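# Reading the structure
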Amino acid sequence: MDSADVLRFGLDVLGRVVASAPDSGWDAPTPCEGWTARHLAGHLVQVLSMSEALCGGNDFSWAGAGDPVEVAGKDPAGTVAAAIATVKDALPNVDLEAVQETPMGEMPIGRRLSFPAMDTHLHSWDLSRAWGRSLDMDPEVIAFVRAALEGMPDTMLRSPQVFGPVVEPPADATPTEELMAFLGRDPRA
């Protein structure tokens, strides 16, 4: 799976998770420290805006992204669904090999899309957990995430607003739970 495939699949997963949100679920705490489901919905809209920009060969600035709660608005499910539709429309036109200048040097769009692609899956899991549900990730997605993060220095990987310290997974952890523990989430909390 390339980043566009993982993103397409993640948009479908995220769409199903968000469509099944309980009416009172948007204020539920998530495994992301200090964030409710509403915060996460707004963050996902921002991530999807970044995806749309990248698909069009444009850049995205987090500086102007705004407060995630305000971005989510009064109808987080509708706001996320609209953002998903926009990215689905943009994906067929993306040139994964096109190179863009980034603060870390030149990088192909396909590589830049790997982070939003991962976020759709990881935060779908977070939302599911916030609502007391389980969600198992596809083995190919787990392999994609592991490969994308492999070799990333801990100073980048384990930094504020990225991933926390590794959590010891339960002895009988599923592959999804093992991944989430590696990313600093207690998979059964």
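Residues numbered from 1 in each chain as written. Predicted model: local features only at pLDDT ≥ 70, side-chain atom pairs only at ≥ 80, totals over all residues. Heavy atoms only, no water.

## Let's talk about the packing of aromatic side chains
- Evaluation of the coordinates by the stated rule reveals one aromatic pair.
- Aromatic pair W26 and W131: ring centres 5.1 Å apart, planes at 85 degrees, arrangement edge-to-face. Of this pair, W26 sits in the loop between α1 (3-19) and α2 (37-55) while W131 sits in the loop between α5 (109-130) and α6 (139-149), and the two are 105 residues apart along the sequence. Like W26, the residue W131 is buried in the burial classification.
- One residue, R146, lies across the ring of F182, its end atom 4.7 Å from the ring centre. (Phe/Tyr/Trp six-rings, centres within 6.5 Å; stacked < 30°, edge-to-face > 60°. Helix = DSSP H or I, 4+ residues; strand = E, 2+ residues; numbered from the N terminus. Buried < 20%, exposed > 50% of the residue type's maximum accessible area, 1.4 Å probe, protein only. Lys NZ or Arg CZ within 6 Å of the ring centre and 35° of its normal.)

## Concerning the nonpolar core
- Ranked by internal contacts, the top residues of the largest apolar core, which has 55 residues, are L127 and W131.
- Contributing elements (two or more residues each) for this core: α1, α2, α4 (76-90), α5, α6 and α8 (175-182).
- By residue number, the principal contributor to this core is α2, which donates ten residues.
- Apart from residues no more than four positions distant in its own chain, L127 is found in contact with L14, V17, V18, W26, A37, L40 and L44. (Core = buried A, V, L, I, M, F, W, Y, C linked by side-chain atoms within 4.5 Å. Contact = heavy atoms within 4.5 Å.)

## Describing the pattern of salt bridges
- The full count for this structure, using the stated rule, is seven salt bridges.
- As a salt-bridge pair, R38 and D27 come within 3.5 Å of each other at their nearest N and O atoms. With a gap of eleven residues between them, R38 in helix α2 and D27 in the loop between α1 and α2 connect regions that are remote in the sequence.
- The class of D27 is exposed, set by a relative accessible area of 54%.
- When the shortest N-O distance is used, the salt bridge between E177 and R188 registers 2.9 Å. One end of the pair, E177, is in helix α8; the other, R188, is in the segment after α8, and eleven residues separate them in sequence.
- By relative accessible area, which is 13% here, E177 ends up buried. (Salt bridge = Lys/Arg side-chain N within 4 Å of Asp/Glu carboxyl O.)

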